[in-house]
Amino acid sequence: MMKMTLTSSGLILAALGGAAFAQEEPELVINGEIPITTRAEAPASVEGALPEVISGWEFRSPETQSLEEDDFENPGMIFVDDARAQFDTAMGPDDQACSSCHDTPEDLAGARAVYPKWDEEHGEVQTLEMQVNECLTERMSTDAWEYTSNDMTNMMALLASVSRGMPVNVAIDGPAQSTWEQGKDIYYTRYGQLELACANCHEDNYGNMLRADHLSQGQINGFPAYRLKNAQLNSVHDRFKGCIRDTRAETFEPGSPEFIALELYVASRGNGLSVEGPSVRN
Amino acid sequence: MAENVTPRVRVPSKASAGEEITIKTLISHPMESGQRKDKEGNIIPRSIIHRFVTTFNGETVIDVTMEPAISTNPYFEFVAKVPESGTFEFTWFDDDGSEYTESKDVTVG
């Protein structure tokens, strides 16, 4: 399977952006009934760094954008259906399914919007994946899913889909603050032979072209994202890994404390945008 | 053997006589081309949907031969003229011999 091969020549940045933006503003409404906020006022977490926050949807071509307007045409929804079946599938020795406690996926609407969040019981910031694995191992006495396995990513797509339209609202104060600070450090740290930080592309140069790529703000409100280039859902941590690898660095592992911190920080940069997953990107 | 194969179809439930309606179909399927190799270097055997047929009241609307270069989850969108009330039948033929079917009624009036 082809992996993400974002072009590595990060230093060649053609300045084409800016003007392409200013014209008419497309609006995203899913299935004609879920309005999606794709531009929002900059939240406190990016004060001074960005004038406004913009979903990756705005940076894609009209053809790609339209795929997201109708669930029938959104290839990511196929995986949501798989997860829906999984939701009702009994697992583990006690024959427990997700639905044994949560009834329907819709009962979990809103969860995607506030994760990652501080977990009092475990004394750490938890991602939604960790929460699902906690359910699997602690409540259902079965095996955890691999962090970026198909089962897990499909379930993330399902949980995102029932929260679509709700504003991302992760908490960055209180006990989560030190993790958030760690994530922020990572965001601004230059990695790899190319010495690129997340911010070099997604803050300093969003809207510009990186060769053929229209650089976005690197928002994660639309994850998991169905990417046309590899025809599958891509989880947030896989995307982080791809980006860091493209700087020619050794990457952190999906599910590592570094990526959890980075996810919290990047999610907070999108506070105010709508949950949009599973989104369609190129 | 392909797993999790689910056909889905969108057809308007009502139409006026002679109207051309848009039909959208999608089937989730890995469409393994037979060209790829696994980690050990063995060829992953071909497993694709090789034919897709739509009929309306028994009359063929389209009949498509599909080849290995078609990507996963093949999607077809086409228009069909509906002269009268009736039923669209959709059939996908898998390399492994399976047939997946779906049907939709359209009321003219």
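Since the structure is predicted, the reported quantities are computational estimates derived from the model, not experimental observations. Chains are numbered independently. Their residues run from 1 in the order of the written sequence. By the order in which they are written, chains take letters starting at A while ligands take numbers starting at 1. The model is predicted, so local features are restricted to residues of pLDDT at least 70 and side-chain atom pairs to those at 80 or more, both for listing and for counting; the totals for chains, interfaces and linings are taken over all residues. Side-chain descriptors were evaluated using all non-hydrogen atoms of the structure, hydrogens and water having been removed beforehand.

*Asks:* I keep staring at the UniProt feature "active site" (unreviewed entry) in chain A and nothing clicks. Help me out?
*Replies:* Residue and element names in this part refer to chain A. UniProt positions are given in the numbering used here, feature names are shortened, and annotations may be inferred rather than shown by experiment. In the UniProt entry, the feature "active site" (unreviewed entry) is given for Cys243. Starting at the N terminus, helices and strands are each numbered in turn, a helix being any DSSP run of H or I of at least four residues and a strand any DSSP run of E of at least two. Relative to the helices and strands, Cys243 resides in helix α10 (residues 236-246). When its relative accessible area of 25% is taken as the criterion, Cys243 is described as partly exposed. Each residue is placed in one exposure class: buried if its accessible area under a 1.4 Å probe, protein chains only, is under 20% of its type's maximum, exposed if it is over 50%, and partly exposed if it falls in between.

*Asks:* Which parts of the structure should I look at to understand the interface of chain A and chain B?
*Replies:* Accessible area lost upon the coming together of the parts is a frequently used measure of interface size. Should any heavy atoms of two residues lie within 4.5 Å, those residues are considered in contact. Residue-level contacts link nine residues of chain A with 13 residues of chain B. In short, buried area is how much 1.4 Å probe accessible area vanishes from two parts on joining, totalled over both. Interface of chain A and chain B: buried area, both sides summed, is about 930 Å²; carbon and sulfur atoms make up 50% of it. Summed over the three residues of chain A that lose the most area to chain B, namely Phe72(A), Glu73(A) and Ile78(A), the buried surface amounts to 62% of that side. A side-chain nitrogen of Lys or Arg and a carboxyl oxygen of Asp or Glu constitute a salt bridge if their distance falls within 4 Å. Between Lys24(B) and Asp70(A) there is a salt bridge, with the nearest N and O atoms lying 3.9 Å from each other. Throughout this description, a polar contact denotes any pair of N or O atoms lying within 3.5 Å of each other; where both atoms belong to protein, one of them has to be capable of donating a hydrogen while the other can accept it, and for residues adjacent in sequence the pair is counted only when both atoms sit in side chains. Applying the counting rule to chain A against chain B returns four residue pairs in polar contact (both at pLDDT 80 or more).

*Asks:* I'm lost on the side chain of Asn205(A) in this one. Help?
*Replies:* Checked against the element boundaries, Asn205(A) lands in the loop between α9 (198-202) and β8 (209-210). Within the local environment of Asn205(A), its side chain forms a polar contact with the backbone oxygen of Asn200(A), the two atoms lying 2.9 Å apart.

*Asks:* What should I look at first to understand the sheet that holds strand β4 (residues 49-56) of chain B in this one?
*Replies:* Pairing between the strands of a sheet comes from backbone hydrogen bonds, and it takes one of two forms, parallel or antiparallel. Spatially, β2-β8-β7-β4-β5 (chain B) is the arrangement adopted by the five strands of the open sheet, whose pairing is mixed. Two strands bound the open sheet, and with one partner strand each, they are β2 (14-15) and β5 (59-65) of chain B. If DSSP finds at least two bridges between two strands, the strands pair.

*Asks:* Which parts of the structure should I look at to understand the pairing of β5(B)?
*Replies:* Within a regular strand, the side chains alternate between the two sheet faces. Residue and element names in this part refer to chain B. Where β4 and β5 come together, six bridges link them in antiparallel fashion. Within β5, the position partnered with Phe52 by the bridge is Val64. A loop of two residues connects β4 with β5, the two strands running antiparallel in sequence, and Asn57 in this loop sits at a positive phi of about 50°.

*Asks:* In this structure, what is going on with the pattern of salt bridges? I would like to understand it.
*Replies:* A side chain with one charge may pair with a side chain of the opposite charge, provided their charged atoms come close. Across all of its chains, the model carries 17 salt bridges over all chains by this definition. Across the pair Glu73(A) and Lys24(B) runs a salt bridge, and its minimum N-O distance is 2.6 Å. Taken together, the positions of Glu73(A) in the loop between α2 (62-67) and α3 (76-87) and Lys24(B) in strand β3 (residues 19-27) put the pair across two chains. Overall, the relative accessible area of 16% leaves Lys24(B) in the buried class. With a shortest N-O distance of 2.4 Å, Arg8(B) and Asp81(A) are connected by a salt bridge. With one member in each of two chains, Arg8(B) in strand β1 (residues 7-10) and Asp81(A) in helix α3 form a pair that bridges those chains. Judged by relative accessible area, Asp81(A) falls into the partly exposed class, the value being 35%.

*Asks:* For this particular structure, what's the right way to read the UniProt feature "domain: Cytochrome c" (unreviewed entry) in chain A?
*Replies:* Within the UniProt annotation, "domain: Cytochrome c" (unreviewed entry) is assigned to residues 83-168 of chain A. Each end of residues 83-168 of chain A is marked by a C-alpha atom, and these two atoms are 22 Å apart; helix forms 44% of the span and strand 7%.

*Asks:* Even after reading the chapter, I still don't get the pairing of strand β8 (residues 99-108) of chain B, so can you show me in this structure?
*Replies:* Residues and elements named next belong to chain B. Two elements, β2 and β8, share two bridges in a ladder whose sense is parallel. Residue pairing in the sheet places Lys14 in a bridge with Thr107 of β8. Two elements, strand β7 (residues 86-94) and β8, share eight bridges in a ladder whose sense is antiparallel. What sits directly across from Phe90, in β8, is Glu102. Where β7 hands over to β8, the hairpin turn is made up of four residues, of which Gly97 adopts a positive phi near 95°.

*Asks:* Explanation requested: the packing of helix α8 (residues 177-187) of chain A against helix α11 (residues 257-269) of chain A in the structure shown.
*Replies:* Packed helices, taken two at a time, are described by the angle between their axes plus the distance between the axes. All names here are of chain A. Note on method: axes are straight lines fitted to C-alpha atoms, helices fitted across the in-contact stretch only, with angles between N-to-C directions ranging 0 to 180 degrees. Contact geometry of α8 with α11 gives a least axis separation of 7 Å together with a crossing angle of 90°. Classified by the angle between their axes, α8 and α11 sit roughly perpendicular to one another. Contacts from Thr179, Trp180, Gln182, Gly183, Lys184, Ile186 and Tyr187 of α8 reach α11 at Pro257, Glu258, Ala261, Leu262, Leu264, Tyr265, Val266, Ser268 and Arg269. Tallied by class, residues from the contact of α8 with α11 come to nine nonpolar, four polar and three charged. Note that the term roughly parallel is reserved for angles under 35 degrees, roughly antiparallel for angles over 145, roughly perpendicular for angles of 65 to 115, and oblique for everything else. Here the nonpolar group is Ala, Val, Leu, Ile, Met, Phe, Trp, Tyr, Cys and Pro; Asp, Glu, Lys and Arg are the charged ones; every other residue, Gly included, is treated as polar.

*Asks:* Quick question: what am I supposed to make of unusual backbone geometry here?
*Replies:* Most peptide bonds take the trans form, and the phi angle of most residues other than glycine is negative. The amide bond that connects Phe223(A) to the next residue, Pro224(A), takes the cis arrangement and shows omega of -5°. Mapping Pro224(A) onto the fold places it in the loop between β9 (213-214) and β10 (225-227). Of note, the amide linkage connecting Gly277(A) to Pro278(A) takes the cis form, showing an omega dihedral of -5°. As for its placement among the helices and strands, Pro278(A) is situated in the loop between α11 and β12 (279-281). You will see that Asn73(B), though not glycine, has its phi angle at about 50°, which is positive.

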